[in-house]
Amino acid sequence: MQIAEIINNVKHYCNGTLSGKAIDEVTTRDHVLWGSTKPECTGIVTTCFASVEVIRKAHKLGANLIICHEALFWNHGDHTDWLQNNETFQTKHSLLDEYGITVWRCHDYIHSGIPYRGSNEWVDGIFQGLLYKLGWEQYLTTDGKAPVGSCFDLVFSKKQKVSNLAQYIKSTLGLNGIRVIGSINSDVSKVSLIMHIVGEFDRQTINKFNDDKIECALAMELTDFTFNEYIRDSAQLGLNKAIICVGHFNMEEPGMEYMVTWLPRAINENIPISFVPSGDPFNYLI
């Protein structure tokens with residue numbers, strides 16, 4: 001089966017609709033970022049970020065297609081015109097050329113929804129994978145199914161200490177460390193995985209935590225001078241408020257691991273499929 005057919009089959013397996021609109025093939029992030037779609041596929045590797053190490057491991061596995069979730073060349077839209085004299089860019093794409101590897105980004109389609117356990121219901125393929133990895137499907141307020149989009153709430157049957165939650169996430173996701181802001185020793189039962197905190201959604205997030213009585217956030221990224229400070233002030237006032245900062249790629253990589261469970265149905269072809277983690281990018285000195 002040609003790489004082009006595999007990509008097409010994955011697209012058709014997914015819902016293909018975001019915010020009530022069909023994914024636009026021109027503006028979507030889900031483009032072939034490097035290589036040709038004409039060769040026969042020898043193997044597939046799924047990952048969050050197609051790092052140099054992931055590329056090397058894909059080659060060792062005999063795979064010539066990497067399906068990643070994030071950009072290949074470090075910018076939204078994967079533009080490369082500004083990188084022509086960049087040594088890292090030149091070396092990385094030379095490695096892909098040497099190995100004959102094609103890289104396709106699957107971002108919008110996997111977020112748009114995959115069939116929930118063979119049913120006619122759609123779930124966000126990335127965050128369903130996160131829930132599955134953490135074993136938290138039973139605590140999700142939407143009947144164990146991750147809604148399309150990156151904002152949902154968890155209600156634990158028993159209160160959890162923030163420090164224990166953070167340690168469990170660190171251990172289960174194989175992280176090098178984890179940051180906690182606010183009441184690290186408080187007991188919480190209502191946790192929210194929130195939208196990106198990069199300025200656009202900060203006020204919305206603060207209002208949600210106040211109005212919905214959310215106690216703890218699982219965050220992909222943070223802005224020091226907005227939501228962080230709100231949580232710190234809340235904690236210093238004796239309110240049970242905390243943030244567990246997991247990291248953007250760390251939060252979404254389990255979804256690309258989960259992809260391996262449904263990709264054979266999507267492509268309907270007997271092709272070797274492997275998950276190769278890009279891994280925690282952070283190191284900690286304490």
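See the structure shown above.
Residues numbered from 1 in each chain as written. Predicted model: local features only at pLDDT ≥ 70, side-chain atom pairs only at ≥ 80, totals over all residues. Heavy atoms only, no water.

(A) Representation of the side chain of Ser-183 in the model. With respect to the element layout, Ser-183 can be found in the loop between strand 10 (179-182) and strand 11 (187-193). When residues no more than four places from it in sequence are discounted, the contact partners of Ser-183 are Val-162, Ala-235, Leu-239, Asn-240, Lys-241 and Ala-242. (Helix = DSSP H or I, 4+ residues; strand = E, 2+ residues; numbered from the N terminus. Contact = heavy atoms within 4.5 Å.)

(B) Representation of helix 9 (residues 248-267). Taking 1.5 Å as the rise per residue, helix 9 with 20 residues should run 28 Å; its terminal C-alpha atoms sit 28 Å apart, in good agreement. At Thr-261, helix 9 shows its maximal bend, which comes to roughly 50°, and the proline Pro-264 appears one to four places after that position. Of the residues trailing helix 9, Asn-268 is marked for its positive phi of about 55°. (Expected span 1.5 Å × (residues − 1). Bend = angle between axes of the 7 residues up to and from the residue.)

(C) Main features of the sheet that holds strand 9 (residues 152-161). Ordered by their spatial adjacency, 5 strands build an open sheet running 9-11-12-13-10, and the pairing between neighbours is mixed. Strands with a single pairing partner mark the edges of an open sheet, and in this sheet they are strand 9 and strand 10. Put simply, the sheet's adjacent strands are angled 25° from each other on average, direction ignored. Relative to strand 11, strand 9 runs antiparallel, the two being bridged by 6 bridges. When the bridges of strand 11 are listed, Phe-152 appears paired with Leu-193. (Pairing = 2+ DSSP bridges. Axes fitted to C-alpha atoms, helices over the stretch in contact; angles between N-to-C directions.)

(D) Molecular detail of the pattern of salt bridges. All told, the structure shown has 12 salt bridges when counted by the stated rule. A salt bridge links Arg-56 to Glu-53, with the nearest nitrogen and oxygen atoms 2.7 Å apart. Of this pair, Arg-56 and Glu-53 both sit in helix 2 (residues 52-60), 3 residues apart, which is roughly one turn of that helix. For Lys-208, the salt bridge identified is with Asp-153, shortest N-O distance 3.2 Å. With Lys-208 in helix 7 (residues 202-211) and Asp-153 in strand 9, this residue pair connects regions lying 55 residues apart in the sequence. Both residues of the pair, Lys-208 and Asp-153, count as buried. One network of salt bridges, with partners in common, ties together Asp-153, Lys-208 and Asp-212. (Salt bridge = Lys/Arg side-chain N within 4 Å of Asp/Glu carboxyl O. Buried < 20%, exposed > 50% of the residue type's maximum accessible area, 1.4 Å probe, protein only.)

(E) Geometry of unusual backbone geometry. A positive phi angle is found at Asp-78, which is not glycine, with a value near 55°. Summarising the element assignment, Asp-78 is placed in the loop between strand 5 (65-68) and helix 3 (87-99). Phi is positive for Lys-213, close to 60°, though the residue is something other than glycine. By the secondary structure assignment, Lys-213 is in the loop between helix 7 and strand 12 (216-219). Among the residues examined, Lys-213 registers a relative accessible area of 59% and is labelled exposed.

(F) Spatial organisation of a nonpolar patch on the surface. A contiguous nonpolar surface patch, about 380 Å² in accessible area, is contributed by Phe-282, Tyr-284 and Ile-286. By relative accessible area, which is 31% here, Tyr-284 ends up partly exposed. (Patch = residues over 30% accessible without salt bridge, like charges linked within 9 Å, V, L, I, M, F, W, Y side chains within 5 Å. Areas by Shrake-Rupley, 256 points an atom, 1.4 Å probe, with all protein chains shown as cover.)

(G) Quick look at the packing of helix 5 (residues 125-134) against helix 6 (residues 162-173). Viewed as axis vectors pointing N to C, helix 5 and helix 6 meet at an angle of 105°, and their least axial separation amounts to 10 Å. Classified by the interaxial angle, the pair formed by helix 5 and helix 6 is roughly perpendicular. When helix 5 is examined against helix 6, the residues Leu-130, Lys-133 and Leu-134 are found in contact with a partner set consisting of Tyr-168, Ile-169, Thr-172 and Leu-173. For the contact of helix 5 with helix 6, the per-class residue count stands at 5 nonpolar, 1 polar and 1 charged. (Parallel < 35°, antiparallel > 145°, perpendicular 65-115°, else oblique. Nonpolar A, V, L, I, M, F, W, Y, C, P; charged D, E, K, R; others polar.)

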